[in-house]
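Each chain, letter by letter, is given below.
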Amino acid sequence: MSGKSPGIDITTLSALAEPNRMNIIELLRHGPLTVGEITEKLGLKQPQTSKHLKVLSDNGIVEVQAEANRRIYRLRPEPFQALDSWIQSFQRVMQERFDNLDDYLKELQDKEKP
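Asks: Help me understand the packing of helix H1 (residues 10–17) against helix H2 (residues 19–28), please; the structure alone is not making it clear to me.
Replies: Describing two packed helices takes the angle between their axes plus the distance from one axis to the other. Look at H1 against H2: their axes get within 5 Å of each other, and the N-to-C directions meet at 95 degrees. In this view, H1 runs roughly perpendicular relative to H2, as classed from their interaxial angle. Of the residues in H2, those touching H1 at Ser14, Ala15, Leu16 and Ala17 are Pro19, Arg21, Met22 and Ile25. For the contact of H1 with H2, the class distribution of residues is 6 nonpolar, 1 polar and 1 charged.

Right, dumping it as structure tokens:
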């Protein structure tokens, strides 16, 4: 397996699969936060929060901006746009299958009519 799916990197899904990282993503949906703010809101220890933020940063999910002695984290839109496109490709396939099923059921109904 190559680790890639059309439009999305599997490492993105892997990074998002961890509950604390997903909680961080949920917090950052509302805007940029410092490590301290994330730590406080999630009730985690600072080293644990930093570890999760490093994984998210290494996978291109968040970006960090240094301001004086603070690090401010924000979500990057690109991984989520790729994830959305990937999910939409599944929706298109499923819609086609439902359409084919509808056509087949109509065919069966037409055959049953006298």
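Don't stop here, the text continues.
Asks: What's the story with the nonpolar core in this structure? I'm lost.
Replies: Most often, soluble globular proteins have nonpolar side chains that are buried together. Formed by 15 residues in total, the largest nonpolar core has its most connected members in Leu28, Ile61 and Val62. Those elements that place two or more of their residues in this core are H1, H2, helix H3 (35–42), helix H4 (46–58) and helix H5 (77–112). Considering each element in turn, this core owes the most residues, 3 residues, to H2. If near-sequence neighbours (up to four positions away) are discounted, isoleucine 61 is found in contact with Thr12, Ala15, Leu16, Ile25, Leu56, Arg74, Leu75, Arg76, Pro79 and Phe80.

Asks: I keep staring at a negative patch on the surface and nothing clicks. Help me out?
Replies: A grouping of Glu96, Asp99, Asp102, Asp103 and Glu107 is seen on the molecular surface, where their side chains present a negatively charged patch. In this structure, aspartate 99 sits in helix H5.

Asks: Can you help me understand the side chain of threonine 39 in this one?
Replies: Here threonine 39 shows up in helix H3. Given a relative accessible area of 12%, threonine 39 falls into the buried group. Residue contacts for threonine 39: discarding those within four places in its chain leaves Leu44, Lys45, Gln46 and Thr49.

Thresholds, definitions, all that
Residues numbered from 1 in each chain as written. Predicted model: local features only at pLDDT ≥ 70, side-chain atom pairs only at ≥ 80, totals over all residues. Heavy atoms only, no water. Axes fitted to C-alpha atoms, helices over the stretch in contact; angles between N-to-C directions. Helix = DSSP H or I, 4+ residues; strand = E, 2+ residues; numbered from the N terminus. Parallel < 35°, antiparallel > 145°, perpendicular 65-115°, else oblique. Contact = heavy atoms within 4.5 Å. Nonpolar A, V, L, I, M, F, W, Y, C, P; charged D, E, K, R; others polar. Core = buried A, V, L, I, M, F, W, Y, C linked by side-chain atoms within 4.5 Å. Buried < 20%, exposed > 50% of the residue type's maximum accessible area, 1.4 Å probe, protein only. Patch = residues over 30% accessible without salt bridge, like charges linked within 9 Å, V, L, I, M, F, W, Y side chains within 5 Å. Areas by Shrake-Rupley, 256 points an atom, 1.4 Å probe, with all protein chains shown as cover. Salt bridge = Lys/Arg side-chain N within 4 Å of Asp/Glu carboxyl O. Lys, Arg positive; Asp, Glu negative; His and termini not counted. Charge placed at Lys NZ, Arg CZ, Asp CG, Glu CD.

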